[in-house]
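# Results of the structural survey
Chain residues, written in single-letter form:
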Amino acid sequence: MTYKKQDVIDQQMQDLNNDGVDRRGFLKCMAWAGTGLVWTMSGGIPVSQAFARSMGHGPGQGSDFSFVQISDSHMGFNKPANPDVVATLQAAVDKINRLPDQPEFLLHTGDISHLSRPDQFDTVDQVLKSANAKQVFFVPGEHDVLDDNGKSYLERYGKNSQGAGWYSFDHRGVHFIGLVNVMNLKAGGLGSLGGEQLEWMEKDVKHLKHSTPIVVFAHIPLWTLYPDWGWGTADSAQALGYLKKFGSVTVLNGHIHQTMQKVEGHVTFHTAMSTAFPQPQPGKADSPGPMKVPAEQLRSLLGITDVNYLQGRHSLAVVDSSLV
Amino acid sequence: MITKRNVSGRVSTGLAMLVMTVMLFAKSPSVRASRSNHDQPAAPPAAVKIDNFSFTPQTLTISVGTTVTWTNRDDIPHTAVSTEGVFKSKVIDTDEKFSYTFTKAGTYSYYCTIHPKMTGKVVVQ
């Protein structure tokens, strides 16, 4: 168990800027103590700190609002890597409901279902009904748009969206942009946003003030994380180009079933754990398929991502916590 | 008048059906014969295994008329879709299969639309 946990922490650290703080050693310690990990971003300078919610010292205390990202629930998956994805999704919701600062809404960053089947979407919707936060924003993963080109996904989740399901909304001064990068994928290629969506996005952010905090969420990482496994989005640079003028950009993705973080200028990239099954670290296995771990370890590799917004500090604090 | 028409209608329908039935019986053996002649000798089927997010063999060489069957041995669903739109599987879940018969010579590239890094080729000679 400790071995795997250590791996996750090592992995989280590998892409971070080196600012002279020995975060690696420090955070390893904190991970052992069972605390979460907070990143705040202020004026382009990432600041890390230990975060112990149970002790009430987190920046969640007094934040203006928070929301929680969940991802990759893969409802319908029933293989050895996790024979009960309903139970682990329910455990994620229970964990969210126990957070001391209740999120105002949830984001689901795709692969809601395993096979795009209506009964699988139904089950997820049913489990999410038990969340205290009643509003859930979705973007599709590639598993949600199989065979019907996303038609059933859009019928269910795309009411206020455009194109293949992209949209934006404002919440307490923060501008949220939900993007779709799982449609019309080309042979040999990565995730793709496509011209129509990029055009829409450029217009969407054009008239926003530079001081508006931006949160972008999409299924496949919007940074090139590991192209050999398709972990990246071919035209993400163009999308991020439209966000250059903003002082605070947080990019939240799923797809890779593990946490990874990178800070580049004013942009913090972050991927969330799955609620269904872990996947191997990039290049550490023959393929990115589901990773079978001993049953008692599984829930330490699944989890949720809690995001806190603090007005004035102009920063978002991203906190990952596993199901156990 | 109306009755007459109905009656004559029925008669002609009956006649037509009889003629068609005769034609079917007469024709079906010759159709079968010509088909089996065309397909002889039947090409043995070929298989592509989908495992570890890859197609094996990645390049499959077959003769015209061969039916290729893809079988998914991964815990994750995949597809096999021609890049030129020649064939397109539905999603192939674990242990499911998809078959396609290649009737023309040529090189057919295909990929998994869910995991587009997965590519393969069928060479039909």
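Quick caveat, the model's predicted, so the values are computed rather than measured. (Residues numbered from 1 in each chain as written. Chains lettered and ligands numbered in written order. Predicted model: local features only at pLDDT ≥ 70, side-chain atom pairs only at ≥ 80, totals over all residues.)

### Looking at the overall build of chain A
A tally of regular secondary structure across chain A gives eight helices and 13 strands. When each of the 324 residues of chain A is scored for burial, the buried share is 48%. At a minimum sequence separation of 6, the contacts of chain A that also span at least 24 residues come to 70%. (Helix = DSSP H or I, 4+ residues; strand = E, 2+ residues; numbered from the N terminus. Buried ≥ 20, exposed ≤ 12 C-beta atoms within 10 Å, placed from the backbone. Contact = placed C-beta atoms within 7 Å.)

### Structural notes on the overall build of chain B
Each helix and strand in chain B was counted, giving one helix and eight strands. Beginning at the N terminus, the succession of helices and strands in chain B can be written as α-β-β-β-β-β-β-β-β. Long-range pairs, those at least 24 residues apart, make up 46% of the contacts in chain B with a sequence separation of at least 6.

### Focus: the pairing of strand β8 (residues 214-218) of chain A
Successive side chains on a regular strand alternate, one facing one side of the sheet and the next facing the other. Residue and element names in this part refer to chain A. In terms of residue burial, β8 counts as a mostly covered element, since five of its five residues are buried. The alternating pattern of β8 places I214, V216 and A218 and V215 and F217 on opposite faces, both of which are buried. Bridge analysis of strand β7 (residues 174-178) against β8 gives four bridges, and the strand direction is parallel. Of the residues in β8, the one forming a bridge with G178 is F217. In this region the chain leaves β8, passes through helix α7 (residues 236-241) and returns to the parallel neighbour strand β9 (residues 249-253); the handedness of that crossover is right-handed. (Pairing = 2+ DSSP bridges. Right-handed = clockwise from strand over helix to strand, strands pointing away.)

### Considerations on the sheet that holds β7(A)
Residues and elements named next belong to chain A. With mixed pairing, six strands are arranged side by side in an open sheet as β6-β7-β8-β9-β11-β10. Either end of the sheet is taken by a strand with one partner, and the two such strands are β6 (167-171) and β10 (260-264). Neighbour-to-neighbour, the strand axes of this sheet turn through a mean angle of 15°, independent of strand direction. As paired strands, β6 and β7 are joined by five bridges and run antiparallel to one another. Each residue of the ladder has a partner; that of D170, found in β7, is H175. (Axes fitted to C-alpha atoms, helices over the stretch in contact; angles between N-to-C directions.)

### Some details on the nonpolar core
Core analysis: the largest hydrophobic core is formed by 70 residues, its most contacted members being L179(A), V216(A) and A218(A). In terms of nonpolar packing, the next biggest core, distinct from the first, is built from 18 residues, F53(B), L60(B), A80(B) and C112(B) among them. (Core = buried A, V, L, I, M, F, W, Y, C linked by C-beta atoms within 7 Å.)

### Thoughts on the interface of chain B and chain A
On the chain A side, the residues contacting the 19 residues of chain B number 18 residues. A class-by-class count of the residues in the side of chain B that touches chain A yields seven nonpolar, seven polar and five charged. (Nonpolar A, V, L, I, M, F, W, Y, C, P; charged D, E, K, R; others polar.)

### As for the sheet that holds strand β3 (residues 59-62) of chain B
Spatially, the four strands line up as an open sheet ordered β3-β8-β7-β5 (chain B), and their pairing is mixed. The open sheet has two edge strands with one neighbour each: β3 and β5 (81-82) of chain B.

### A few points about the environment of A234(A)
All names here are of chain A. As for its position among the elements, A234 is in the loop between β8 and α7. Spatially, the C-alpha atoms of A234 and L185 are 9.8 Å apart, while their sequence positions differ by 49 residues. Not counting chain neighbours up to four residues away, the residues in contact with A234 comprise G189, L190, G191 and S192.

### Observations regarding the packing of helix α3 (residues 85-97) of chain A against helix α4 (residues 118-128) of chain A
All names here are of chain A. Look at α3 against α4: their axes get within 9 Å of each other, and the N-to-C directions meet at 30°. Accordingly, the angle class assigned to the pair α3 and α4 is roughly parallel. The hand of the α3/α4 crossing is right-handed. For the pair α3 and α4, the contacting residues are V86, L89, Q90 and V93 in the first and T123, V124, V127 and L128 in the second. When the residues that make up the contact of α3 with α4 are grouped by side-chain class, the tally is six nonpolar, two polar and no charged. (Parallel < 35°, antiparallel > 145°, perpendicular 65-115°, else oblique. Left-handed = near helix turned anticlockwise from the far one by under 90°.)

### Regarding the environment of L208(A)
Here L208(A) is to be found in the loop between α6 (195-206) and β8. Put simply, L208(A) and F246(A) are 38 residues apart on the chain and 8.9 Å apart in space, counted from C-alpha to C-alpha.

### Quick word on α3(A)
Residues and elements named next belong to chain A. Here α3 contains 13 residues, and its C-alpha end-to-end distance of 18 Å stays within 8% of the 18 Å for a straight helix at 1.5 Å per residue. The complete set of buried residues in α3 reads V85, T88, L89, A92, V93, K95 and I96. Along the axis of α3, the buried residues cluster in a sector spanning 160°; they form a single face. Buried residues belonging to α3 abut β3 (65-70), α4 and β12 (303-310). (Expected span 1.5 Å × (residues − 1). Arc of directions from axis to C-beta.)

### Considering the pairing of strand β8 (residues 119-124) of chain B
Residues and elements named next belong to chain B. Relative to β8, β3 runs parallel, the two sharing four bridges. Paired with L60 across the two strands is V122, which belongs to β8. Relative to β8, strand β7 (residues 106-111) runs antiparallel, the two sharing six bridges. Across the sheet, the residue bridging to G106 is V124, located in β8.

### Focus on unusual backbone geometry
Most of the time, phi is negative for any residue but glycine, and the peptide bond is trans. A cis amide bond, omega -5°, links T56(B) with the succeeding residue P57(B). Positive phi values are uncommon outside glycine, yet N184(A) reaches one of about 55°.

### Brief notes about the confidence of the model for chain B
Residue and element names in this part refer to chain B. Looking at chain B, the pLDDT average stands at 80 and 67% of residues meet or exceed 70. Across residues 1-37 the pLDDT falls below 50, and counting only partners more than four positions away or on other chains, this stretch makes zero contacts in the model. Both scores are available for the predicted complex, with the pTM at 0.80 and the ipTM at 0.81. (pLDDT = per-residue confidence, 0-100.)

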